[in-house]
Amino acid sequence: MSGPHYEVYAIKYAHHERRASENFLDGKPLDAHEGPMPLDYFVWLIRGQGREIVVDTGFSAAMAAKRNRIHLRCPAAALRLLQCEAAKVKDVVITHLHYDHVGNFDLFPSATLHLQELEMRYATGRYMCQECFRGAFEVEDVVGMVREVYAGRVRFHDGDAELFPGVSLHLIGGHTMGLQAVRVATRRGWVVLASDASHFYANMEQVRPFPIVWSVADMVDGYARLRALAESPGHVIPGHDPLVMHRYAAPSKALEGIAARLD
Ligand SMILES: [Zn+2]
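Structure report, in brief. All values derive from a computational prediction rather than experimental measurement. (Residues numbered from 1 in each chain as written. Predicted model: local features only at pLDDT ≥ 70, side-chain atom pairs only at ≥ 80, totals over all residues. Heavy atoms only, no water.)

### Remarks on the sheet that holds strand S10 (residues 180–186)
For clarity, the cut-off: The rule for pairing is simple: two strands pair if DSSP sees at least two bridges between them. Counting from the N terminus, the helices are the DSSP runs of H or I reaching at least four residues and the strands are the DSSP runs of E reaching at least two. Helix axes are fitted to C-alpha atoms over the stretch in contact, other axes to C-alpha atoms as well, and angles between N-to-C directions run from 0 to 180 degrees. We call two residues contacting when some pair of their heavy atoms lies within 4.5 Å.
The strand order across the open sheet built from five strands is S8-S9-S10-S11-S12, with neighbouring strands paired in mixed fashion. Two strands bound the open sheet, and with one partner strand each, they are strand S8 (161–164) and strand S12 (236–238). Strand-to-strand twist across the sheet, computed as the mean angle between neighbouring axes with direction ignored, equals 25°. Examined bridge by bridge, S10 and strand S11 (residues 189–195) share five bridges and lie antiparallel to one another. Paired with Val-184 across the strands is Val-191, a residue of S11. Contacting strand S9 (167–171), S10, S11 and S12, helix H8 (residues 216–229) crosses the sheet at an angle of about 155° to S11.

### Some points on unusual backbone geometry
Spelled out, the test is: Exposed residues in this analysis have more than 50% of their type's maximum accessible area, buried residues have under 20%, and partly exposed residues fall in between, with area computed by a 1.4 Å probe over protein chains only.
Backbone geometry places Asn-68, a non-glycine residue, at a positive phi of 60°. You can see Asn-68 is positioned in the loop between helix H1 (61–67) and strand S4 (70–71). In this structure, Gln-83 is a non-glycine residue whose phi angle is positive, near 60°. In this structure Gln-83 comes out as exposed when scored by relative accessible area, which is 64%.

### A look at the nonpolar core
Definition in use: In these notes, a set of buried Ala, Val, Leu, Ile, Met, Phe, Trp, Tyr and Cys residues joined through side-chain atoms within 4.5 Å is what counts as a nonpolar core.
Within the largest apolar cluster, 86 residues are counted, with the highest numbers of intra-cluster contacts made by Ile-46, Leu-97, Met-145, Val-182, Leu-193, Leu-226 and Leu-262. The biggest single contributor to this core is strand S2 (residues 39–48), with seven residues. Not counting residues within four places of it along the chain, the set of residues in contact with Leu-226 comprises Ile-172, Ala-181, Val-192, Ala-194, Ala-197, Ser-198, Met-204 and Val-236.

### Topic: the coordination of the zinc ion
For the record, the criterion: Only N, O and S atoms count as donors, using a 2.8 Å limit from the metal and a wider 3.2 Å limit for Na, K and Ca, and since water is excluded some coordination spheres may look unfilled. Note on geometry labels: four donors, all angles 85 to 135 degrees, give tetrahedral; four donors become square planar and six octahedral when opposite donors are over 155 degrees apart and every other angle is between 65 and 115; remaining cases are irregular.
Looking at the metal site, the zinc ion is ligated by Asp-100 (OD), His-101 (NE2), Asp-196 (OD) and His-240 (NE2), spaced 2.1 to 2.2 Å from it. Angles of 88 to 163° at the metal separate the four donor atoms of the zinc ion, which places the site in the irregular class. Written as a sequence motif, the donor residues of the zinc ion are D-H-x94-D-x43-H. One end of the pair, Asp-100, is in helix H3 (residues 99–102); the other, His-240, is in the loop between S12 and helix H9 (243–247), and 140 residues separate them in sequence. Accessibility assignment for this pair places Asp-100 and His-240 in one class, buried.

Here it is, written out as structure tokens:
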């Protein structure tokens, strides 16, 4: 495609074993039979045009222990394997404020944090009185983000926004009130980092929402939005699917199983 384009990497930093039926609101397995359907945890790097943009910051080893997840590596250490210094990154997109997407933002002291207004409203408002909505938030992450607001480090976006030529943010909602996806111009066309607008390929392909959800209607509408934003349905990258590491090659032999190049 013409115009600016970017490299895009998925970086795997954690893992969690679970059953397929736990990944769908209808409580049914993926196919006819119940089986394992683990989650991988990712952060993403967008690089090009002299810029580095990190999408989400992952969680720490301590949080992994608290929540019984397998922590494979610190996201900042993984970024270093791609010659990206977390401490120098200028722009971090926070897709939403769940613990597995926002835990390490203190490792990015130079960055402006890009967040949807609705997500802060959600994470600090009345719905957090209910366990079913607050379960995937950590209060210290949310309070930490409020501190970053007062430190002048947060840039709020209200709906869709162009971050740079060829990189844009898109309010999807659904999973949380203010979840945003990221659309990136690449050499193979528009790639969309869905984050948790679709945890797995199967959620969007079978229109079967993940069970952690703010609005089922917005989540289902979001699947169509993602497809409309991307070059093809295959250009949408789900937020937690181990298949991403199989469908896309590692950028080098040393990074096999750690990073996949998406552009
Ligand atoms: Zn997530």
